[in-house]
Amino acid sequence: MHRARRSGNGRFAAGVLHALVMTVGPIAAALVLSGAVLVAVGVDPLAYYGTIVERGLLSPLGLQQTLTRMGPLLFLAASLIVAFRAGIWNLGGDGQFLLSAVVAAAAAPVLVGVMPAWAALAVCFLLAAAVGAVWSLIPALLRAYQGVNEIITSLMMTFLGVSLANVLVKLVFLDPATTVPQTRTLPVADRLPRLFDTTVSSGLLLGLAAVIGVHLMMTRTAFGLKLRVVGANPRAAVHAGLPVAKLTIAVFAISAALAGLAGATDVLGVLGNVRADWNPAYSLAVVPLVFLARLNGFASIAFVFLFSVLSIGGESAARRLGVPHYFTLVLVANLLLLLALAEYIDHRRRVAKKA
Amino acid sequence: MTETTTSSAIASTTTAPPVVELVGVTKRFPGVVANDHVDLALHAGEVHVLLGENGAGKSTLIGMLAGLQAPDEGTLRIDGADIRIASPRHALALGIGTVFQHVMLVPTLTVAENLALGGPWWRRPDRAALAAKVAEISASFGLSVDLDAVTGELSLGEQQQVEIVRALLRDSRVLILDEATSMLTPAGTDELGALMRRLAARGLAVVFITHKLSEAFRFGDRISVLRLGRKVGEIPPERLKALDEAAATAEVVHLMFGATPAEAGGEAPPARAAVAGPAVIEVRGLSVPGPMGSPGVAEASFSVAAGEILGIAGIDGNGQKQLAEALSGQRVAAAGEILLDGRPIGHLDVGARRRLGLRYLTDDRLAEGTVGSFPVSLNLLLKEIGAAPFWAKGFVRPAEIARHATRLVASFDVRTPGIETPVGRLSGGNIQKVLLARELSGGARAVIFNKPTYGLDLANIAASRRRIREIAASGIAVLLISTELDELLDLCDRIAVMSRGRLAGTVDNDGAARRRVGELMVGKQS
């Protein structure tokens, strides 16, 4: 107590400094640690990081690719934030993503023949959302009414969903005109419009809208507050008379629908079709990002941007330096562990100071 | 203790120094003194019964013997030497084995695996040696334990035998059985009682905690009674044998509930205007299934008039929580009717019952009543999320919420740094005020209090009780569930006693209430 009250400004500055150290410190440590791994496998870490920054951030084409990649990732971040904040561990995002992507890819080329392109895209987005939501129904019902752990059921539904998506591509929606098994390709002119004179897909804007929308829903609406009560203390939710089972199903539906929209964004904005055996597994890659962002919508935009730079740059580095492109996941994993470690040390220090 | 030299073996052992002795032991928790200078001596060859209401300090005492807690004052002597028990492992090594109320075995492991737990991790458990030792123990104490049975498939009585064997495997000299009969059938209770007698006959010191006086008299040699953290009396073996059951019951009830005939007559509760209004809450034949292995509510019928305080007394876990949750709408009733102001509400959900004026203050303030990480302001509206004027078309209106919170914090005297402070940071008494503010605001007709002063300090207990009296005086019907008899006697107009899910009887709160409620609580029909 006697340690004189610091002025408001001083305390604020100290707080900012503390936050900075707590964020930048682990990031630097993660770069060093991952660099050590690179050295161990005989790659110059500086060349690797340099390539990533140059190809993912500095070169105009790379930056545009990075921004385009953010679209589906932002939808997935929104999907996970809704679920995690409500205490629902929907890890089935990849299955929901892929099935919705396949359905959107199959429907789009047909629909553009019978209606204007914008209407076709809108219908495809709705379809994708519905497919994702339906694919979450089994884990949702089991969790809501039987208390079955949704981590396991939603993960298992991903295995089924990925396989079913492949079956659909190879048997049902196969484009007879190509030798590679894939769906019919949506003409570039009918895809999501690009932004201005760049190659950046407008999926970026949709993704940003989704994350911000979800953030506002969770923080500003009664519905979002109900979900947060269920997530923070399910017994208090029962005590307060909230319909926990119905809210659980709603959370699953919203989360899975957003994952489905991510799939549609990737297919309708960038790829134009779905090839057999394609599974980027974006959803599981986004899980650590939203945790790093502490389930905050705006912070997750920053982390998704960082990850997009890493992943686009990492793909170039993979070609140039022979480091597998999923080495970016090693980097993210190291970052997550070191941030957790920093937090643990900080917590211990604060407890020690109090005692 | 008077020294007698009768020829019985028990008398000769009691003259020997005690195996374990607690001397002037005091244990404080924030706001409560759980044990206040308690002396307790455990003698070899004796079953020492510990009696007392919930909150009398039995569990804390056991916790100190088992090494879970350390006393703040006083000493613990083993064979006459002062010892500080550092951990449960240390207690076991000193020969003090404890069988807790709730079985502490791993249900998916076999009996043998459960018994081998706790050995050094680097060594493979020696099955043959274990089997030999268990066989020896089983033979000498008349236990039967199947080492290959999966523990979870055994009955509760059998699991308890496994726990006793586990304690005996460590060469325990003191065996503590914490409410060991509360989950057993009458036959299982008799078996356990016989086993306790055999253990004592072989020279163990047995501590037996129960709520049932008949068990205490049948199986015990010596009875100690705790009340509000203090040891208020002890009946040594010679006296216990001399008393017949009726006289012993009278003496123990007097010790447990603290009433002498003079006291009960002279200390009548403050006079209250007679309540004879129409019933606000009426319950007819309400039955509620309980969670696995514990009683629910069986055919409860009662009514509470406007301005009346009806108390529900009883040992914790006899269906009180199920009753409260069925009334509030949190739990589905199997049968029966609930009426509020003459209107059936049994089919309504929590929110609808609340809007009609039925309010429920849970006993579990942090785990159920509030969301600890949420600010005080939102916790005050936890049961009204989405309601006008705090939300408009589903969107939050922070100014309205802040105004509401500021008003309630002031009028209920909630001591908080601010309305944005997470409620979990407040003290128990202030969290209770937040709950009171939430439940009493906006047209309450009937309020159910579940253990409203549990865990509070004296000042907050007094404030809560004053508040409950004011609520009733304003014409609200109050159902007060409490395990503290003094609280019920202080506040209620009538007191119903709940036992094993049934209402064993209802008594008017007059001079004889203390004795009659006490009798109903220990299972004696009045």
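Here the structure is a predicted model, which means the values were calculated and not measured.

A.B. asks: Talk me through the overall build of chain B; I want residue IDs and the actual numbers.
C.D. replies: For chain B, the count of helices and strands is 20 helices and 22 strands. Taken over 526 residues, chain B has a buried fraction of 45%. Once local pairs closer than 6 in sequence are excluded, the contacts in chain B between residues at least 24 apart make up 68%.

A.B. asks: If you had to explain the interface of chain A and chain B to someone new, which residues and values would you point to?
C.D. replies: Facing 15 residues of chain A, the contacting portion of chain B comprises 22 residues. Secondary structure elements with two or more residues in the side of chain A that touches chain B: α9 (222–232) and α10 (234–239) of chain A. Per element, the largest residue contribution to the side of chain A that touches chain B is six residues, and it comes from α9(A). Of the residues assigned to the side of chain A that touches chain B, the class counts are eight nonpolar, four polar and three charged.

A.B. asks: Give a description of the confidence of the model for chain B that names residues and reports values.
C.D. replies: Residue and element names in this part refer to chain B. Residues of chain B with pLDDT of at least 70 account for 90%, and the chain-wide mean is 84. When pLDDT is averaged over each element of chain B, strand β20 (residues 477–481) comes out on top at 95 and helix α11 (residues 261–266) at the bottom at 39. Predicted confidence is poor over residues 1–14, with pLDDT under 50, and the contacts of this stretch with residues over four places away or in other chains come to 20 contacts. When the criterion is pLDDT under 50, residues 260–269 qualifies, and its contacts beyond four places in sequence or with other chains add up to 11 contacts.

A.B. asks: Account for the sheet that holds strand β12 (residues 297–305) of chain B, with residues named and values stated.
C.D. replies: Ordered by their spatial adjacency, four strands build an open sheet running β12-β11-β14-β15 (chain B), and the pairing between neighbours is antiparallel. Both edges of this open sheet fall to β12 and β15 (343–344) of chain B, since each of them pairs with a single strand only.

A.B. asks: Lay out the nonpolar core in plain terms, naming residues and giving numbers.
C.D. replies: Counting 241 residues, the largest nonpolar core has Ala77(A), Val102(A), Ala104(A), Cys124(A), Val206(B), Val478(B) and Leu480(B) as its most contacted members. No other element matches helix α11 (residues 244–271) of chain A, which puts 15 residues into this core. What Val102(A) contacts, discounting residues up to four positions off in sequence, is Ala165(A), Leu168(A), Val169(A), Phe173(A), Thr183(A) and Val274(A).

What counts as what
- Here, residues in each chain are numbered from 1, in the same order as that chain's written sequence.
- Written order determines the labels here, with chains lettered from A and ligands numbered from 1.
- Two thresholds apply to this predicted model, a pLDDT of at least 70 for residue-level local features and 80 or more for giving and counting side-chain atom pairs, whereas whole-chain, interface and lining totals are computed over all residues.
- Helix and strand labels come from DSSP, where a helix needs a run of H or I of at least four residues and a strand needs a run of E of at least two; each type is numbered from the N terminus.
- With C-beta atoms placed from the backbone, a residue is buried if 20 or more other C-beta atoms are within 10 Å of its own, exposed if 12 or fewer are, and partly exposed between those counts.
- The contact rule is simple: place each C-beta atom from the backbone, and if two of them lie within 7 Å, those residues are in contact.
- Note that Gly is not counted as nonpolar here; it falls among the polar residues with everything else outside the nonpolar set of Ala, Val, Leu, Ile, Met, Phe, Trp, Tyr, Cys and Pro and the charged set of Asp, Glu, Lys and Arg.
- The pLDDT value tells you how sure the predictor is about a given residue, anywhere from 0 up to 100.
- In this analysis, strands are considered paired if DSSP registers two or more bridges between them.
- Under the definition applied here, buried Ala, Val, Leu, Ile, Met, Phe, Trp, Tyr and Cys residues are grouped into a nonpolar core through C-beta atoms within 7 Å.

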